[in-house]
Structure formats: C-alpha cells, structure tokens
Amino acid sequence: MRSLIALCVAFCFVGLGSPAFADKDMLQKNNCFACHSIDKRKYGPKLVEVAKKYAGDPDAAQVLARKIQAGGTGVWGEDIMPPQPQVSDEEALALAKYILSLP
Ligand code: HEC
C-alpha cells in the first residue's frame, strides 16, 4: 500500500514538472489562438494544415518546437511569428507533437 502511494506521488510530480502532452488548453494558455485556429486561417496558418504539411517528416516535432520558441517567417508567407519566450522546451515539444497529431 505504501509503495502504491509513493508511485502515485512520483507520477504526480512527473506530470506537473514536464508536460508530456499538450492539448487545446495549452494553446489557449500560451496565447497561440491569438494568431492561430485549429481549422481556420487567421494571421497564422491553420494548425491542421501545419500537421498536413509535415506529415511523414520524422524531424518535424523538433523543427516546429524550435520555431514555436524562436518564431520566424517565410514558410507560410510574409507574416512573422514572433518568438514565444514564455514557452519552455518541454512545452514547445509537447505543443509541436500535439499540432502534428491533429487529424
Ligand atoms: C503574433 C501571432 C502569432 C502567435 C501569437 C503565434 N503564432 Fe504561430 N505562426 C504565426 C505566423 C505568422 C506563422 C507563419 C510563419 C512562417 O510563415 O514562417 C506561424 C507559424 C506557426 C507554425 C508553423 C511553423 C512552420 O515553420 O511551418 C507553428 C507550428 C506555430 N506557428 C505554432 C504556434 C504556437 C504553438 C503558438 C503559441 C505558443 C503560436 N504559434 C503563436 C503567428 C503567430
């Protein structure tokens, strides 16, 4: 019983420390929806289109995680995505994986 509790506590800490997965709430929290929408073109590309563009690219999660933090331009047009310094490394990777998993 005691080890069960220890296991549970350990998992809770892992869960809080490094977000292994992302969802819409995390996009909301990080203000991504100011410029993006899941399936509508706003200032930035729609996220389902991003998923389609990088489907089958094994490096996509890393590349997009870096882009989410650093910002950039030129992939989807002339518009500029500003850097998102509030996003941690783990969050950026989780967000990239979530976006890539969109159907
Ligand atoms: C101020 C507006 C703005 C905000 C805020 C913003 N983006 Fe973007 N995003 C853009 C624009 C514009 C582009 C297209 C950049 C380009 O063409 O290279 C883009 C592109 C992207 C791409 C595709 C990158 C590529 O190289 O194909 C991803 C993924 C992305 N954004 C995720 C996010 C996430 C996650 C957040 C929140 C943490 C976010 N964006 C916040 C404007 C924004």
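Preceding block: the structure.
A brief look at the structure comes next. (Residues numbered from 1 in each chain as written. Predicted model: local features only at pLDDT ≥ 70, side-chain atom pairs only at ≥ 80, totals over all residues. Heavy atoms only, no water.)

### Concerning the overall build of the chain
Moving on, step 1. In terms of helices and strands, the chain carries five helices and two strands.
Moving on, step 2. Start at the N end of the chain and walk to the C end: the helices and strands fall as α-α-α-α-β-β-α.
Moving on, step 3. In the chain, buried positions account for 30% of the 103 residues.
Moving on, step 4. Considering only contacts in the chain between residues 6 or more positions apart, those separated by 24 or more positions represent 52%.
Moving on, step 5. Taken as a whole, the chain presents about 7,000 Å² of accessible surface, with 63% of it coming from carbon and sulfur. (Helix = DSSP H or I, 4+ residues; strand = E, 2+ residues; numbered from the N terminus. Buried < 20%, exposed > 50% of the residue type's maximum accessible area, 1.4 Å probe, protein only. Contact = heavy atoms within 4.5 Å. Areas by Shrake-Rupley, 256 points an atom, 1.4 Å probe, with all protein chains shown as cover.)

### Examining the coordination of the iron atom of the ligand
Moving on, step 1. Surrounding the iron atom of the ligand are the protein donor atoms His36 (NE2) and Met81 (SD), at 1.9 to 2.1 Å.
Moving on, step 2. One can describe the site at the iron atom of the ligand as octahedral: its six donor atoms subtend angles covering 84 to 179 degrees at the metal. Here Met81 lies in strand 2 (residues 80-81) and His36 lies in the loop between helix 2 (24-29) and helix 3 (47-53), a separation of 45 residues in the sequence.
Moving on, step 3. Given the relative accessible area of 23%, Met81 is considered partly exposed. (Donors = N, O, S within 2.8 Å, 3.2 Å for Na, K, Ca; no water. Tetrahedral: all angles 85-135°; square planar, octahedral: opposite > 155°, others 65-115°.)

### A few points about the environment of Pro85
Moving on, step 1. Within the element layout of this structure, Pro85 appears in the loop between strand 2 and helix 5 (89-100).
Moving on, step 2. Along the sequence, Pro85 and Gly71 sit 14 residues apart, while their C-alpha atoms lie 9.4 Å from each other.

### Quick notes on the site of the ligand
Moving on, step 1. The full set close to the ligand counts 27 residues, and Cys32, Cys35, His36, Lys67 and Met81 are the nearest of them.
Moving on, step 2. The contact in question runs from a nitrogen atom of the ligand to an N or O atom on the side chain of His36, over 2.8 Å.
Moving on, step 3. Taking Val75, its main chain carries an N or O atom lying 3.0 Å from an oxygen atom of the ligand.
Moving on, step 4. Taking a 2 Å distance to the grid points as the criterion, the majority of the atoms of the ligand fall inside the largest pocket.
Moving on, step 5. The leading source of residues in the shell around the ligand is helix 4 (residues 60-70), at three residues.
Moving on, step 6. The residue makeup of the shell around the ligand, split by class, is 16 nonpolar, nine polar and two charged. (Near = heavy atom within 4 Å. Polar contact = N/O pair within 3.5 Å; in protein donor to acceptor, adjacent residues only side chain to side chain. 1 Å grid on protein atoms, 1.4 Å probe; cavity = no way out; pocket = protein on both sides within 12 Å on 5 of 7 lines; lining within 4 Å. Sits in = over half its atoms within 2 Å of the grid points. Nonpolar A, V, L, I, M, F, W, Y, C, P; charged D, E, K, R; others polar.)

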